[in-house]
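Coordinate analysis (summary)
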Amino acid sequence: MNADPIVGKSVPRKEGRDKVTGRSQYVDDMVLPNMLFGATVRSQIPRGRIRKITFGPGIPWDEFVIVSAKDIPGKNCISLIGDDQPCLASEFVNHPEEPILLLAHPDRHLLPQAVKAVSIDYEALPSIFTIEGSERRSEIVWGEDNIFKTYLIEKGNLEDVWEKADYIVEGEYSTGAQEQLYIENNGMIAAFDAARGLTVWGSLQCPYYIHKALMALCNLPPEKVRVVQMETGGAFGGKEEYPSMIAAHAALLAIKAGRPVKIIYDRLEDMAATTKRHPSRTRHRTAVDCEGKILGGEIDLTIDGGAYLTLSPVVLSRGAIHAGGPYYWPNVRIRAKAVATNAPPHGAFRGFGAPQSLFAMERHMDRIARTVGLSPVEIRRRNFLQLGQATTTDQVIREPINLGNLLDRALDVSEYHAKKKRFAKQNQVGTSRKGVGIAAFLHGAGFTGSGERYLSSVVGVEGCSDGTVRVLVSSTEFGQGTNTVLSQIAAEALSLPYEYVSVAQPDTLEVPNSGPTVASRTAMVVGKLVQSAALGITQTLISSNLLHEGYSANEFRAACQQYVVTHGQFRCWSRYEAPSDIFWDDDKYRGEAYAAFAWAVYIAEVTVDLTTYRVSVDDFVALQEVGKVLHPLLARGQIIGGIAQGIGFSLYEKVVWQNGRMQNGQMTNYIMPTSSDLPPIRVFFEELGNIHGAYGAKGIGELPMDGPAPAIVNAVEDALGVPFDSIPLLPEDIMDGLAASLEENGKVSTVGER
Amino acid sequence: MTNSRESHAKIEISFTVNGEPKKVRAYPMERLLDVLRVDLGLTGAKEGCGEGECGSCSVLMDGALVNSCLIPVLQAEGTTVVTIEGLAAKNELHVLQKAFLECGGAQCGICTPGMILAAFHLLDGKPEPTIEEIQEGLSGNLCRCTGYTQIVEAVSEAVRRRTLA
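Looking at unusual backbone geometry
The phi angle of most residues is negative, glycine excepted, and most peptide bonds adopt the trans form. Residue and element names in this part refer to chain A. The step from I727 to P728 runs through a cis peptide bond, and the omega angle for that step is 0°. One can find P728 in the loop between β28 (726-727) and α20 (731-745). The phi angle at N146 is positive, at roughly 65°, despite the residue not being glycine. Assignment of secondary structure puts N146 in the loop between α3 (131-136) and β7 (147-155). Positioned with a positive phi, Y695 is a non-glycine residue whose angle comes to about 50°. Of note, Y695 is situated in the loop between β27 (681-686) and α18 (703-706).

Printed below as a string of structure tokens:
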């Protein structure tokens, strides 16, 4: 260990200088000689059979490279979990953004007209756009029953709980689609030559997902497919799976054209065609005793997967496992289901199912509190998971987390009780109402269940000829700080200055498969592997008698240089091995769902304007336990950024659908928060550590997406005395909700009265 | 999107970019953004939305902050344009660039060039802005990563350092 530790210090972001000077190279900044530009002709209808394709007049079609499904050398699918999603529709279309044809031309500006000039004649088939529509099965749009995947999690026995219960509390909660809205649109460049094979450069999260998809599509061996990540301008899950589709399209055009092809989506195409957060519906039925203790309950989670399977089973799994929140359920039955509709497939977005089911859980806790006559604070305190108790999947909590203490600290720093008192008085008069709301939650780090075991990630660390060290991983940087944190970990393990370490550009020719950059796994899981591979470097140098314990940085450099001169390339590898105490049963969905959970309590303060029904968030406290904080500045940046997205998810960001197509795919009408829309976001950490993570780290990236929506909507209910169970919660929804509540109560003055 | 094959012929545009006189031949309605990125190789300005909403293509034109995706290059004739590439003097980062780097103002980096130029423009007109004025001044530039807090802190820090200097 360094005398002056690097881990825990806010060292400069590795690629920061290039970013603030505009020198970073994103995919659209890259130009290859002789390059063409590509565009995609998409379905215009949600579901049907393609009858005829006509290339209209006024376009010099002979100058274009045109690709259809017939040009695919291998299997016509984007290989992921299942192989159901075609790369290009050949006969049937199943959603209104389904790719059918690809066009390429040297003049980028000619492409939009050409796309418009292609007309496609369809025989339309009936289509489905809602979860309820899919469940009715009057039309089967996928498989035999419109169901992509179901899970059942059972613990204890629900038979007697309903009889024993003093209260049975029911609620239904829903969340809308949400666009990731990275500021850099999706894009790819592909080049092909027979000797080297296919190379793609792009904006992406998971190089090896694309590698796998391109091998199947182009019928190429692994060594003939190369995937390179360019600097990536935000991703948030939105560049986990769809980049495989765009890479596939660019590749097909490049193979046919014999020239490099660049495809860059414009904002409208990116928002409409690529994946968004799964819309969800969660139903709770909970048996509670007179003390407010949960005796048991049923939770039904359903998500809309869109037209193809994509990642829906995994999103659903995380949603189901998080559905019970940070509470002790002696008895529970969680049924989860992903259904098919004729919308473009929904996909990964920060939180990955958990923000949906945790919104329901935390809204439902407030409903239980009201029913039982306890405060939102007390109902949570009485039901928090304790050390030694088991989660809904029977995972025993072994770390000394004390959620009651976490809650107390959050109440304290947010001045919750003082605010409650003040607002009760303030709300008697005036044209606005104030409220505070709590959300308590957890987020599992790393892949679910056996996921990490299947991934079996590999990490390399290289001692270079100049005596510096290079980390070799397929883990990608897209703003969250991968390069910086993995460099810190390697430097710490090697007792070297941070400046001695660099991270290789993710390139499948150069780096091993360290797994996808998702699931809050990079610092914790990949970081731990970097740590052990780095130790391999020192051990090798020491056992070769080139270095002695207690070496200086200069001595390391000399030893490393010497080793490379004598032996050539100097690389040490580390492969993931599942801890022996982690057991997961895929069939029963029971066991250790995650190697570690991060824990949090968030408190939101809001004002609701009774004239405009606008909700503003005035103060936001975010307290979390995330293991060791490896880089305080980046960690705080992750939390604040996630909360900003969570505020958007709660109050602003509404995808307007018509027949499966997004109607507001522009930044002018899909509203994300600006710098003047956000409250002070106050971030606090507790650090328990984590034996499974690098230097005690847990995952952090997704956690802050889970809490804001329920905390804010709970605060709105606190302000108005009227419950809202669906997000996004827009002013018009509040207006409708208040009107309905007035009608129901037959009086005018319910607002503000409690 | 401009159609470069429309009937207009290319014209010659002369303007000053990052202190250097430049001449380009372009269609009059081509976007300044494309001329900067494609003809002049200045890729620091980014296209985020193509309709003046996100601000990632922000540049300074005669001292005004403009969305270069909305400016026909014709309009740049005779003007002085500054892009992110022109902000640092040789190898020395501008005080704003340093502060963004140190305060966590840049995450994925795609909005950063536009954001720094917007901050530069703000401080040009208002050397010591309040927090609210910084938030308001940057509200035309969208960032999806940071939640803006560390960007606002970076601008405050730059102000503090400049005042000290």
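On we go from here.
Focus on the domain arrangement of chain B
Residue and element names in this part refer to chain B. Entries for chain B in the domain assignment read domain 1 (11-86) and domain 2 (95-164). Each partner contributes to the interface: domain 1 provides 14 residues, whereas domain 2 provides 12 residues. Sort the elements by how many residues they give to the side of domain 1 that touches domain 2 and strand β3 (residues 58-61) lands first, with three residues. Class assignment for the residues of the side of domain 1 that touches domain 2 results in seven nonpolar, six polar and one charged.

Description of the interface of chain A and chain B
Contacts between chain A and chain B engage 43 residues on the former and 45 residues on the latter. With seven residues, the top contributor of residues to the side of chain A that touches chain B is helix α17 (residues 632-651) of chain A. Grouping the amino acids of the side of chain A that touches chain B by side-chain chemistry returns 18 nonpolar, 16 polar and nine charged.

Details of the pairing of strand β1 (residues 36-42) of chain A
Residue and element names in this part refer to chain A. Of all seven residues that make up β1, six are buried, and the element is covered over most of its length. Bridging between β1 and strand β12 (residues 261-264) involves two bridges; their strand directions are parallel. Bridging from a neighbouring strand, F37 pairs with K262 of β12.

Analysis parameters
Residues numbered from 1 in each chain as written. Chains lettered and ligands numbered in written order. Predicted model: local features only at pLDDT ≥ 70, side-chain atom pairs only at ≥ 80, totals over all residues. Helix = DSSP H or I, 4+ residues; strand = E, 2+ residues; numbered from the N terminus. Domains from an automatic or database assignment. Contact = placed C-beta atoms within 7 Å. Nonpolar A, V, L, I, M, F, W, Y, C, P; charged D, E, K, R; others polar. Buried ≥ 20, exposed ≤ 12 C-beta atoms within 10 Å, placed from the backbone. Pairing = 2+ DSSP bridges.

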